[in-house]
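Observations on the model geometry
One letter stands for each residue in the lines below.
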Amino acid sequence: MTRNNNKKRNLNKKLLENNKSISRVKHEYWNILNFPTIDLDIIKKWDVQKLIYHLKVMFSVEGYCRKDLFNKESEYKFRLKQIDGKTFLKMTRNDFFKMGISGLLILHLEAEILRLHGYYKNENYYEPEELLLKFNSFELRNNNIPKENFFNKKDLFQQLITRKLLKVPSIYELKRFLLTPLPMRVFVPSFCLLNNQENSNIYSYVIPQEQCFREFGNIITSSPISLPFINALTYPYNSNSPCQENNLICYNLIIDALIQGTLSCLQSQKSQWIYMARNFIQSKEDLLRPDWMCWINDHLIIHGVELPENIEWDVGIQNIIEKTHWKDIYYSNLPFKFVYISKGPILRWYVFDPLRYQIISISQDFDLDRTLDRLRMIRTVINIYNVLDSIRRNWVQFIKINKSTHPLYLTINRDGGTTIEFMGNLVKKSLSTQKMKENFNYDTIRKIYLETSHIKNLIHCVDLEGNLSYPILTKDGSCKIFLHPVGYYYYPKNELEVKSMIKTILQVLKEMHQVNWTHRDIYWGNILRQDNGDWLIIDLELGGPVNEILQFSLWNRWPEQAVIGKPYLACYDIYQVGTLMDELKGTGQYFNNYSKSFIQFKNLLLEPAKDNNFTAEMALRHEWLSEVITCSHD
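Residues numbered from 1 in each chain as written. Predicted model: local features only at pLDDT ≥ 70, side-chain atom pairs only at ≥ 80, totals over all residues. Heavy atoms only, no water.

The protein appears in an unreviewed UniProt entry as Protein kinase domain-containing protein from Rhizophagus irregularis.

Our focus in this paragraph is the overall build of the protein. A count of helical and extended segments in the protein gives 21 helices and 25 strands. Every one of the 634 residues in the protein was classed for burial, and the buried ones make up 54%. Summing over all exposed atoms, the protein offers an accessible surface of approximately 29700 Å²; the carbon and sulfur share of this is 49%. (Helix = DSSP H or I, 4+ residues; strand = E, 2+ residues; numbered from the N terminus. Buried < 20%, exposed > 50% of the residue type's maximum accessible area, 1.4 Å probe, protein only. Areas by Shrake-Rupley, 256 points an atom, 1.4 Å probe, with all protein chains shown as cover.)

One can find G316 in helix α12 (residues 313-324). Counting along the chain gives 25 residues from G316 to I341, while the straight-line C-alpha distance between them is 6.3 Å. Setting aside residues up to four positions removed in sequence, G316 forms contacts with V305, L307 and I341. (Contact = heavy atoms within 4.5 Å.)

Our next topic: unusual backbone geometry. Note the cis peptide between H484 and P485, where omega equals 0°. Among the structural elements, P485 can be located in the loop between β18 (479-484) and β19 (488-489). A positive phi angle, near 50°, is found at S332, a position not held by glycine. The topology assignment puts S332 in the loop between α13 (328-331) and β10 (337-343). Assessed through its relative accessible area of 4%, S332 is described here as buried. Look at R520: it is not a glycine, yet its phi comes out positive at around 75°. Residue R520 is classed as buried on the basis of its relative accessible area of 2%.

So, about the packing of aromatic side chains. Overall, the coordinates contain 22 aromatic pairs when judged by the stated rule. Look at Y275 and W295: their rings are 5.5 Å apart centre to centre, the planes differ by 35°, and that puts the pair in the tilted class. With Y275 in strand β7 (residues 274-278) and W295 in strand β8 (residues 292-296), the pair connects residues that are 20 residues apart, well separated along the chain. Given the relative accessible area of 2%, W295 is considered buried. When the ring of Y488 is compared with that of Y490, the centres are 6.4 Å apart and the planes differ by 90°; the resulting orientation is edge-to-face. Under the relative-accessibility criterion, Y488 is labelled buried at 6%. (Phe/Tyr/Trp six-rings, centres within 6.5 Å; stacked < 30°, edge-to-face > 60°.)

Moving on: the nonpolar core. Grouped together as the largest cluster of nonpolar side chains are 170 residues, with contacts concentrated most on F78, F88, F229, F338 and W349. Not counting residues up to four positions away in its chain, the partners in contact with F229 are I161, L182, V186, V188, Y205, V206, L375, I378 and I382. Core analysis: the second largest hydrophobic core is formed by seven residues, L550, L569, C571 and Y572 among them. (Core = buried A, V, L, I, M, F, W, Y, C linked by side-chain atoms within 4.5 Å.)

Next up on the list: the sheet that holds strand β21 (residues 527-529). Taking strand neighbours across the sheet as the criterion, the three strands line up as β19-β21-β22 in an open arrangement whose pairing is antiparallel. What marks the edges here is a single partner per strand, and that holds for β19 and β22 (535-537). Each of β21 and β22 is contacted by helix α17 (residues 495-514), which is oriented at about 40° to β22, the strand it contacts most. (Pairing = 2+ DSSP bridges. Axes fitted to C-alpha atoms, helices over the stretch in contact; angles between N-to-C directions.)

The strand order across the open sheet built from six strands is β7-β8-β9-β10-β11-β12, with neighbouring strands paired in mixed fashion. Because the sheet does not close on itself, it has two edges, and the strands there are β7 and β12 (358-367). Between one strand axis and the next, the sheet turns through 15° on average, direction left out of account. Of the strands in this sheet, β7, β8, β9 (299-307), β10, β11 (346-353) and β12 touch helix α14 (residues 371-393), which is tilted by about 145° from β12.

For the rest of this paragraph, the subject is empty space enclosed by the protein. For the coordinates displayed, the defined rule picks out two cavities of 30 Å³ or more. By volume, the largest cavity amounts to about 110 Å³. Broken down by element, the residue count for the lining of the largest cavity peaks at three residues, all from helix α7 (residues 103-117). Here the lining of the largest cavity is composed, by residue class, of eight nonpolar, one polar and four charged. A domain split of the lining of the largest cavity shows at least three residues from each of domain 1 (40-117) and domain 2 (124-130 + 148-400). (1 Å grid on protein atoms, 1.4 Å probe; cavity = no way out; pocket = protein on both sides within 12 Å on 5 of 7 lines; lining within 4 Å. Points joined across faces, edges and corners; volume = space filled by probe spheres on them. Nonpolar A, V, L, I, M, F, W, Y, C, P; charged D, E, K, R; others polar. Domains from an automatic or database assignment.)

So, on to the packing of helix α10 (residues 226-234) against α14. Orientation of α10 relative to α14, taken along the N-to-C sense of each, is 160°, at an axis distance of 8 Å. Between α10 and α14, the angle falls in the class roughly antiparallel. Crossing hand, α10 versus α14: right-handed. Residues P228, F229, N231, A232 and L233 of α10 lie in contact with α14, whose contacting residues are T371, R374, L375, I378 and I382. Partitioned by chemical class, the residues of the contact of α10 with α14 number seven nonpolar, two polar and one charged. (Parallel < 35°, antiparallel > 145°, perpendicular 65-115°, else oblique. Left-handed = near helix turned anticlockwise from the far one by under 90°.)

Counting buried positions along strand β14 (residues 418-422) gives four out of five residues, so the element sits mostly inside the fold. Summarising the sheet, strand β13 (residues 412-414) and β14 pair through three bridges and their orientation is antiparallel. Note that in β14 the partner of I412 across the bridge is I420. Where β13 folds back onto β14 in an antiparallel hairpin, the turn is made up of three residues, including D415, whose phi is positive at roughly 45°. Bridge count for β14 against strand β15 (residues 427-431) is five bridges, and the pairing is antiparallel. The residue of β15 that forms the bridge with E421 is K428. In this antiparallel pair of consecutive strands, β14 and β15, the connection spans four residues, and G424 shows a positive phi of 100°.

The structure is reproduced here in structure tokens:
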């Protein structure tokens, strides 16, 4: 019995070593992030076994294409017909069809023949100059998919033309990967090809739709994935086109069709995780944003700059650097950001490297007035999508930071009448016309920002250059406020951090009360932390003069004495600081972790509503704020 168990263990060990060996060979032979091309003379010398090995490796690489397509039955058919490397290179779709091979597998095999005829030169990939494939009609079949669903669903095409990468490529792997040929060609109506009949290289990307049939002779209908390819083939690009006259708007439309159109088509109908927007210049602050933006999980991941043809590339590069604002509150731990610069009809892709704080070119120059370059652009965008998808699926490893994050250049709606937009070094806050009529007085908002602009650790109103300024009342009655500095949400982890926060808030309130202003809105949502570690108190819109008769009552954080028709006293702000401390128990931090002085001080701050003479200056003299804490409770 023992001898048999030992034999079994040795056999399992041997099998495991063999599997590891095979896996190692596959990895060395075919790395999806370093896509191989093979000399044609070598391929022509392949025997049947070598070709089958090549195809088995191709269909076993994780994330490259559907694994179930090349199975034992397919392998048997290749052996039966004795198809070697030289034969494979000359095969047509009709040859595959006669072998009884699935239509989906045919699409991948055709794309592989095209790729093997292509080549790399000077780090660029070139399609085969002469196509050996003849475009004979054939019927697409797949036994594993119900015929009524075949090629009807957007998600099926999305699965066929995209790849699932196991890991996110490094910056230095991106250039090679973005050149990776597509795993299949896309169906387009043949009329789209009428003006491109002399350019045979485009057939590396597209197939005439009318030459592909379903069962019973029905022509296969186009998928949404076909739309960007159709746009690339049909959008005006001849000498009569306004694009030739350096019309920037025209090129913007092409860019939207090729980039935004492609990414939109690739998203699954069940999960819309990519958001895109174009920046339309209507006001001065719009100049602070990139021309085109794309976010995943509220993180800016693609950023486009579009320039007239006579502007130098260096101007675009500087523009990217200025509008990137790489901070973890905007980008978490993302490894990079994709960027493109267009200059008239020429577009070039870059990647922003946060470690070196510079951008690196990762593509050829695409001429948007050339059909083939437009198709190459779509290939690049599809491969960028594959990278974005790998980032999304590995998202947990990129968000391990101890800070809240904010979406850069993306408008956040609050309560229907207030919007916030983080614009790098400042924040744009907009109050709607209705909000201004119902809740706010512009003159009061203007005065409180002007008269508290000297107070440290309090939010300030600035202009677009960062100079101290005042809110802007627009013609329609809405109000725009540009705010500085920028902070992030952070809950103190121990008593020492709580003490630092409370001391800062009381100091700010002391200085506000000295110039006759009360804050009135002290709660956790208005307490932020800055990159330098200082605390920041925000939101002055509800503030008002000391002892002002109240026209409204806010909420339960105000003491019960703060009611409509009565004055709002400065000590009511102090009460809200006590409420803030009292709410720490709701964050999972229990008071038994804190000193007795902390509890006494908290209770003291909740008393000012009964003692109208208690001030922030008096609170700052309390022993707890000067007491040295030798240990902390994380």
